[in-house]
Amino acid sequence: MFGLDLERLLDVEEEYRRLEDYQGGMPRWCSGCGDNAILTAVQRLLRDEGIPPEKAVFVSGIGCSSRFPHYMNAYGFHGVHGRALPIAQGIKIRRPDLHVFVNMGDGDCFSIGSAHWIHAIHYNMNMVAMVHDNRIYGLTKKQVSPTSPKGLKTNTTPYGSYIEGLNPLTVTLGVTNVSFVAQAVEWIPDLLYEVIRQAFHHHGFSFVRILQRCPTYLPDIFDPFINDPNNILILTHENGLQLDDSLARIYKNQIEHDPSDIHRAREIASDESKAVVGILYRNENVDVYDEIRRPRRVTTLEMRKAVLEREFDKFAVNPVGGDNHNENDE
Amino acid sequence: MAEATPTQHEPHPVVKEKKIIELPEHIVEIVSDSGEGAQKAGQTFGAISAKMGNGIWTVEIIPAEIQPPPRTITGASGIRIRLGSFYITNVGDDADLIVAFNEQVLLGRVDTGNLKPGAIILLENMWRTHKDPAIREAYTKTYDRLVSEGYKVIEVPMEEECLKYTISPRRGKNMFVLGMLCNLYERDLELARKEVYELWIKKGEKVADLNLKLFNAGYAWAEEHLDFKFRIPSAGITEPQVVMNGNVALALGIIASGMEVCAMYPITPATSASHYLSEIFEHVGGIVHQAEDEIAAIGFAVGASYAGKCAVTITSGPGMSLKTEIIGLASMIEVPLVVINVQRGGPSTGLPTKVEQGDLLAALFSTHGDAPKVVMACSTIEDCFYSVITARKIAETFRLPVIVLSDANLATGQQPFPRPRFSRDWVAPPIDQSPVPPGTKPYDWDPKTGLSRRIIPGQPNGMYSLTGLAHDREGKVAYEPWINQEGARSRSMKLAAFQKTLKPPKVFGDPEGDLLIVGWGSTKGAIEEAVTRVREKGYRVSALNIKFLQPMASGIKEILQRFKKVLCIEINYSDDPGEELIDENNRRYSNLAWLLRARFLIDVDSWSRVYGRPYKPGEIEQVILEKLKEIK
Ligand SMILES: Cc1ncc(C[n+]2csc(CCOP(=O)(O)OP(=O)(O)O)c2C)c(N)n1
Ligand code: SF4
Ligand SMILES: [Mg+2]
């Protein structure tokens with residue numbers, strides 16, 4: 001009765017099947033920017049899953065990568081730097097019908113938004129969070145990021161950055177209630193797609209770090225991984241990625257990893273000499289905040305009135321001799 | 001003032017005759033170490049008085065520490081009850097009578113200037129014969145001092161009397177005190193006993209019975225040993241009332257408004273609203289979400305509201321500072337939002353538990369850029385309830401953030417007000433979820449009012465991406481300069497459109513005169529009481545309380561112009577013109593005075609202090625009398 005009535009939401013037939021149905025504005029990223037590949041993977045996913053565009057909400061912060069929602073045909077919320085996750089949580093809390101996606105840059109998520117990052121993992125709400133990690137601040141023109149490698153020359157560290165980059169995977173895997181952690185690289189589109197697809201189907205908060213090239217400011221940071229496929233470590237498992245023959249031939253460095261094994265996941269994540277691609281951790285038996293806090297029933301106007309009257313009764317002071325009947329207008 | 005005859009030499013003579021002193025009002029305080037139940041006794045006394053038709057205001061006396069050591073000056077915990085034969089709107093001046101469980105907590109009140117000269121003190125006397133000589137000495141020293149200072153100190157054997165009924169009098173003394181007060185103030189005995197019974201029956205018949213005995217003992221002791229009584233006639237209030245503090249009223253307002261999401265981060269003095277709301281919100285499908293910080297809390301609220309569930313975030317000063325960026329976002333993207341700021345002393349951590357009205361200008365201007373928003377203030381506890389309902393309506397109708405300013409005085413004070421009568425109009429109507437016509441723009445600003453239809457996610461054909469960047473009618477990032485101008489103008493016009501719905505505030509007193517006292521928020525009661533007093537002395541003084549501070553109603557300028565002088569009185573810092581370094585080039589005015597001067601080009605003066613406590617009507621009266629001397 002009040003605000004939004006979920007019962008009355010329309011069921012939309014599954015009619016969207018073309019990629020164009022999910023395409024929004026023309027992307028304005030630099031040519032060769034890895035964000036384009038992430039966009040395509042997500043558009044493919046929505047098409048393949050047949051998600052009505054009005055049922056998907058893309059929330060982002062501020063940064064090159066945060067322009068993402070504008071290039072989707074869906075609902076988008078391009079908010080403020082670092083705060084995409086709390087906004088996404090607010091959207092999800094009373095709208096289980098919406099598919100919520102969050103796109104953030106590495107500065108957005110791991111620096112200014114770091115408190116929200118930790119707590120989003122802890123709350124474990126149903127949504128897919130993607131961090132476009134180019135290990136640099138793109139939009140503001142090349143400043144050091146938490147994930148920049150030590151010694152990186154940027155505009156704020158012209159003599160080289162001073163400290164070792166932060167490892168977001170081990171941090172994420174260390175948070176209580178962690179439910180889904182994966183990593184992908186945007187230059188292997190099929191695996192990127194598959195990782196995001198599994199994140200989408202996960203029940204709980206899915207965290208995906210995507211290594212993303214910024215040809216404008218850090219043109220060769222990922223070269224060691226791109227030039228030598230053996231520097232990519234693929235995690236395979238029947239509950240994770242399975243490579244087809246063509247990919248398996250290129251990416252020979254594979255290990256079998258059971259995503260339910262958090263200790264092994266932390267070990268793998270700790271070794272940054274290789275770029276890991278795959279599902280590091282998955283556990284669907286974690287409390288999901290938005291489900292725990294979902295209302296049990298629809299509140300009618302009468303119920304609201306009854307609760308208020310009961311509370312007024314608790315605080316009632318009825319002067320002696322007065323008319324103590326409390327009539328209400330309805 | 002009453003004659004209190006008992007002395008230490010002849011402790012408790014039985015009195016034969018009673019003097020009945022009739023007064024329009026009395027201020028009573030009960031102070032004890034924390035955990036001795038002074039507040040419970042005071043609240044019950046207040047409830048009984050309210051039921052007898054008196055006007056009342058109660059406010060808790062809260063020690064700074066959670067568990068202060070016993071028998072310390074700073075540990076005074078208790079309650080003040082102001083009762084009168086008129087509708088009471090504020091804590092009043094100094095106390096007429098105080099009941100103290102030990103002499104140290106009593107000193108806590110005396111030395112901070114809370115007692116009237118010659119006030120009656122009813123003091124637990126067990127300390128006079130305490131086994132610790134240091135305590136005995138401290139007691140007699142204080143007793144002698146207070147007597148010599150002219151207070152009417154009456155020693156009461158509370159412990160001794162209570163021991164007749166219970167082995168742990170520390171827990172029962174409060175009902176003895178209640179009985180004493182009920183006798184002193186001629187409270188209806190049957191009514192009082194019923195209150196006591198109902199207070200304790202939850203713990204069983206035995207407990208209720210014991211407490212009734214203690215109550216009766218206190219009543220009888222006063223009857224036998226005190227030779228005076230006070231008669232405070234009823235104010236004639238007969239309609240059903242509810243009594244609560246301002247934070248509970250805010251929480252009930254949230255429920256009544258139909259909002260479903262309250263996102264917050266704990267901060268004094270706002271938190272108790274969330275405590276109370278947490279207990280009941282789920283019964284109406286609501287959620288209190290304690291976020292990881294205030295920024296997350298307001299982000300969460302904006303997200304929920306964007307998704308169709310109008311939301312509120314509640315905080316106090318420091319949290320308000322953190323929220324400013326997202327308040328600006330809400331203004332820019334036109335997502336409805338209610339932000340409640342229960343103000344405390346600032347800046348920085350300031351005075352966490354104390355009252356101040358220092359956040360008005362911050363509420364209006366702290367966001368970078370031009371971020372139109374509505375700012376309104378609650379002036380009474382009843383107003384806390386209704387303000388939230390109004391705020392939600394404005395937020396949704398005009399698609400903008402509404403800031404509601406309350407303060408620590410309202411948050412901790414309790415005052416009865418007419419029991420609200422439920423109305424369907426309080427609750428938000430269901431929002432439109434149907435498909436929007438293809439081509440509908442998310443910011444199709446009406447050229448005159450700036451208003452546009454709100455689209456929420458899930459609505460077919462409505463897909464758009466909102467952005468905090470300058471954007472056009474389609475929500476697309478704007479690159480042309482005139483689009484930014486158009487967006488800014490449209491958001492501002494909404495405020496103007498809302499302003500047209502406001503009625504000018506009512507002047508308290510005559511519409512013209514020598515001096516107009518202007519205030520906002522919780523000082524309303526004290527200011528109006530002071531103005532009443534000086535008017536009774538024949539002065540031409542009126543008062544104005546401004547509820548909507550942004551935008552302000554039309555007609556205020558005309559009101560100000562009808563007075564020779566306009567003085568803002570607020571609880572925030574301003575420079576005194578008498579300071580050696582201060583002149584018209586550098587004088588910093590109180591918050592509202594700045595606003596009125598800027599908007600109306602009227603030479604509005606200001607007087608303000610940051611004592612961390614509400615103003616007493618008496619001190620405002622003095623300020624008015626001083627100011628009147630300047631008017632020829
Ligand atoms: C509160 C605030 N601080 C700073 C900025 C400026 N700012 C915009 S984006 C950004 C960092 C962008 O880096 P990242 O998040 O890695 O995204 P990328 O551009 O690399 O995709 C900064 C510092 C801002 N918009 N808001
Ligand atoms: S600056 Fe880098 S991250 Fe930004 S759009 Fe260009 S290539 Fe992409
Ligand atoms: Mg980056």
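Keep in mind that this is a model prediction, so the values were computed, not measured.

Thresholds applied
Residues numbered from 1 in each chain as written. Chains lettered and ligands numbered in written order. Predicted model: local features only at pLDDT ≥ 70, side-chain atom pairs only at ≥ 80, totals over all residues. Heavy atoms only, no water. Patch = residues over 30% accessible without salt bridge, like charges linked within 9 Å, V, L, I, M, F, W, Y side chains within 5 Å. Areas by Shrake-Rupley, 256 points an atom, 1.4 Å probe, with all protein chains shown as cover. Salt bridge = Lys/Arg side-chain N within 4 Å of Asp/Glu carboxyl O. Lys, Arg positive; Asp, Glu negative; His and termini not counted. Charge placed at Lys NZ, Arg CZ, Asp CG, Glu CD. Helix = DSSP H or I, 4+ residues; strand = E, 2+ residues; numbered from the N terminus. Buried < 20%, exposed > 50% of the residue type's maximum accessible area, 1.4 Å probe, protein only. Core = buried A, V, L, I, M, F, W, Y, C linked by side-chain atoms within 4.5 Å. Contact = heavy atoms within 4.5 Å. Near = heavy atom within 4 Å. Polar contact = N/O pair within 3.5 Å; in protein donor to acceptor, adjacent residues only side chain to side chain. Nonpolar A, V, L, I, M, F, W, Y, C, P; charged D, E, K, R; others polar. Donors = N, O, S within 2.8 Å, 3.2 Å for Na, K, Ca; no water. Axes fitted to C-alpha atoms, helices over the stretch in contact; angles between N-to-C directions. Parallel < 35°, antiparallel > 145°, perpendicular 65-115°, else oblique. Left-handed = near helix turned anticlockwise from the far one by under 90°. Pairing = 2+ DSSP bridges. Domains from an automatic or database assignment. Expected span 1.5 Å × (residues − 1). Phe/Tyr/Trp six-rings, centres within 6.5 Å; stacked < 30°, edge-to-face > 60°. Buried area = accessible area lost by both parts, 1.4 Å probe. pLDDT = per-residue confidence, 0-100.

Peer 1: Please set out a positive patch on the surface residue by residue, giving values where relevant.
Peer 2: Residue and element names in this part refer to chain B. On the surface, K40, R171, K202 and K203 cluster together into a positively charged patch. Inspection of the secondary structure assignment puts K40 in helix α1 (residues 38-51). Assessed through its relative accessible area of 33%, K40 is described here as partly exposed.

Peer 1: I'd love a proper account of the nonpolar core, names of residues and values included.
Peer 2: F77 and I91 of chain A together with V518, L560, L592 and L596 of chain B are the most contacted members of the largest nonpolar core, which has 100 residues in total. Take this core: its biggest share by element is nine residues, from helix α10 (residues 294-306) of chain B. Residues in contact with V518 of chain B, not counting those within four places in the same chain, are L544, I546, L560, V566, L567, C568, I569, L592 and L596 of chain B. Among the nonpolar cores identified, the runner-up in size contains 64 residues, and Y276, V374, C384 and A497 of chain B belong to it.

Peer 1: How would you explain the site of ligand 1 if you had to name every residue and give the values?
Peer 2: Looking at ligand 1, there are 17 residues lining it, with C64, S65, D106, G107 and D108 of chain A nearest. The residues that come close to ligand 1 belong to more than one chain, namely chains A and B. Within the contact set of ligand 1, an oxygen atom lies 2.8 Å away from a backbone nitrogen or oxygen of D108 of chain A. Between ligand 1 and L139 of chain A, the relevant distance is 3.0 Å, taken from an oxygen atom to a main-chain nitrogen or oxygen of the residue. Relative to its free-state accessible area of 590 Å², ligand 1 is covered by the protein chains to the extent of 77%. A per-element tally of the shell around ligand 1 places helix α3 (residues 106-112) of chain A first, with four residues. In terms of residue class, the shell around ligand 1 is made up of six nonpolar, eight polar and three charged.

Peer 1: Please set out the coordination of the magnesium ion (ligand 3) residue by residue, giving values where relevant.
Peer 2: Residue and element names in this part refer to chain A. The protein atoms donating to the magnesium ion (ligand 3) are D106 (OD), N134 (OD1) and I136 (O), with metal-donor distances spanning 2.0 to 2.2 Å. Along the chain, the residues donating to the magnesium ion (ligand 3) fall in the pattern D-x27-N-x1-I. Given a relative accessible area of 1%, I136 falls into the buried group.

Peer 1: Please give an account of the packing of α1 of chain B against helix α5 (residues 169-184) of chain B that cites residues and values.
Peer 2: Residue and element names in this part refer to chain B. At a closest axis distance of 9 Å, the pairing of α1 and α5 adopts a crossing angle of 30°. Classed by the angle they form, the pair α1 and α5 counts as roughly parallel. In the packing of α1 onto α5, the handedness of the crossing is right-handed. Across the interface between the two elements, K40, A41, T44, F45 and I48 of α1 pack against N174, M175, L178, L181 and C182 of α5. Grouping the constituent residues of the contact of α1 with α5 by class yields seven nonpolar, two polar and one charged.

Peer 1: Now, about the sheet that holds strand β18 (residues 507-508) of chain B: what can you tell me, with residues and values included?
Peer 2: Residue and element names in this part refer to chain B. The strand order β18-β20-β19-β22-β23 describes an open sheet built from five strands, whose pairing is mixed. This sheet does not close on itself; its edge strands, each paired only once, are β18 and β23 (605-608). As defined by bridge partners, strand β19 (residues 513-519) adjoins strand β22 (residues 563-570) across five bridges and the pair is classed as parallel. Each bridged residue has a counterpart across the sheet, and for I517 the counterpart in β22 is L567. On top of the sheet, helix α18 (residues 591-600) reaches β19, β22 and β23; it is set at about 140° to β22, its chief contact.

Peer 1: Report on the domain arrangement of chain B, specifying residues and quantitative values.
Peer 2: Splitting chain B by domain gives domain 1 (19-231), domain 2 (242-425), domain 3 (435-501) and domain 4 (507-629). Using only C-alpha atoms to locate each centre, domain 1 of chain B and domain 3 of chain B end up separated by 60 Å.

Peer 1: Tell me about helix α15 (residues 481-499) of chain B, and please be specific about residues and values.
Peer 2: Think of an α-helix as 3.6 residues a turn; residues three or four steps apart then line up on the same face. Residues and elements named next belong to chain B. Helix length check: α15, at 19 residues, gives a terminal C-alpha distance of 28 Å against a target of 27 Å (1.5 Å per residue), a fit within 8%. Among all positions in α15, only I483, G487, S490, R491, K494, L495, A497, F498 and Q499 are buried. Buried residues belonging to α15 abut α11 (317-333), β14 (374-377), α13 (381-398) and β21 (548-550).

Peer 1: An account of the environment of H225 of chain B is requested, with residue identities and associated values reported.
Peer 2: Residue and element names in this part refer to chain B. The topology assignment puts H225 in helix α7 (residues 205-225). When its relative accessible area of 10% is taken as the criterion, H225 is described as buried. Placed 73 residues apart in sequence, H225 and K152 show a C-alpha to C-alpha distance of 14 Å.

Peer 1: Any chance you could break down the site of ligand 2 for me, citing the residues and the numbers?
Peer 2: Close to ligand 2 lie W29, C30, C33, C64, N134, Q212, C214, P215, T216 and Y217 of chain A. Considering only residue class, the shell around ligand 2 consists of seven nonpolar, three polar and no charged.

Peer 1: So what's going on with the packing of aromatic side chains? Which residues, and what values?
Peer 2: Per the stated rule, a full pass over the model turns up 29 aromatic pairs over all chains. For the pair F77 of chain A and Y306 of chain B, a centre-to-centre distance of 5.0 Å together with 90° between the ring planes defines the contact as edge-to-face. Taken together, the residues span two chains, with F77 of chain A in strand β2 (residues 75-78) and Y306 of chain B in helix α10. An angle of 75° between the planes, with centres 5.4 Å apart, marks the rings of F422 of chain B and W426 of chain B as edge-to-face.

Peer 1: Tell me about the interface of chain B and chain A, residues and numbers included.
Peer 2: Interface size, as often reported, equals the accessible area lost upon joining of the parts. Listed as interface residues are 82 residues of chain B and, on the opposing side, 70 residues of chain A. Between chain B and chain A lies a buried interface of about 6700 Å² when both sides are counted; carbon and sulfur atoms form 60% of it. Between chain B and chain A we count four salt bridges in total. Across the pair R424 of chain B and E302 of chain A runs a salt bridge whose closest N-O atoms are separated by 3.8 Å. Scanning the region where chain B abuts chain A turns up 28 residue pairs in polar contact (both at pLDDT 80 or more). Every element with two or more residues in the side of chain B that touches chain A is listed here: α1, β9 (241-245), α8 (246-257), α9 (271-280), β11 (287-290), α10, α11 and β17 (465-467) of chain B. Ranked by residues supplied to the side of chain B that touches chain A, first place goes to α10 of chain B with eight residues. Grouping the constituent residues of the side of chain B that touches chain A by class yields 51 nonpolar, 20 polar and 11 charged. Pairing analysis gives two bridges linking strand β10 (residues 316-317) of chain A to β9 of chain B, with the strands arranged antiparallel. By the bridge assignment, V317 of chain A is partnered in β9 of chain B with Q241 of chain B.

Peer 1: Before we move on, can you summarise unusual backbone geometry with the specific residues and values?
Peer 2: For residues other than glycine, phi is negative in most cases, and the peptide bonds are mostly trans. The linkage connecting G346 of chain B with the following residue, P347 of chain B, adopts the cis geometry, with an omega of 0°. Structurally, the position occupied by P347 of chain B is in the loop between β13 (337-343) and α12 (360-365). Between Q550 of chain B and P551 of chain B the backbone carries a cis peptide bond, its omega angle lying at -5°. Following the sequence through the fold, P551 of chain B ends up in the loop between β21 and α17 (556-561). Phi is positive for N177 of chain A, which is not a glycine, with a value near 80°. Relative to the elements of secondary structure, N177 of chain A occurs in the loop between α5 (168-173) and β5 (180-185). Classification of N177 of chain A by relative accessible area gives partly exposed; the value is 28%.

Peer 1: Could you give an account of a nonpolar patch on the surface, with specific residues and numbers?
Peer 2: On the surface, a nonpolar cluster with roughly 470 Å² of combined accessible area is contributed by Y159, Y162 and I163 of chain A. Assignment of secondary structure puts Y159 of chain A in the loop between β4 (127-133) and α5.

Peer 1: Summarise the confidence of the model for chain B; cite the residues concerned and give the values.
Peer 2: Residues and elements named next belong to chain B. Of the residues in chain B, 98% have a pLDDT of 70 or more, and the chain-wide mean is 95. The low-confidence segment residues 1-9, where pLDDT is below 50, has 23 contacts with residues more than four positions distant or belonging to other chains. Predicted complex metrics record ipTM = 0.94 and pTM = 0.94.

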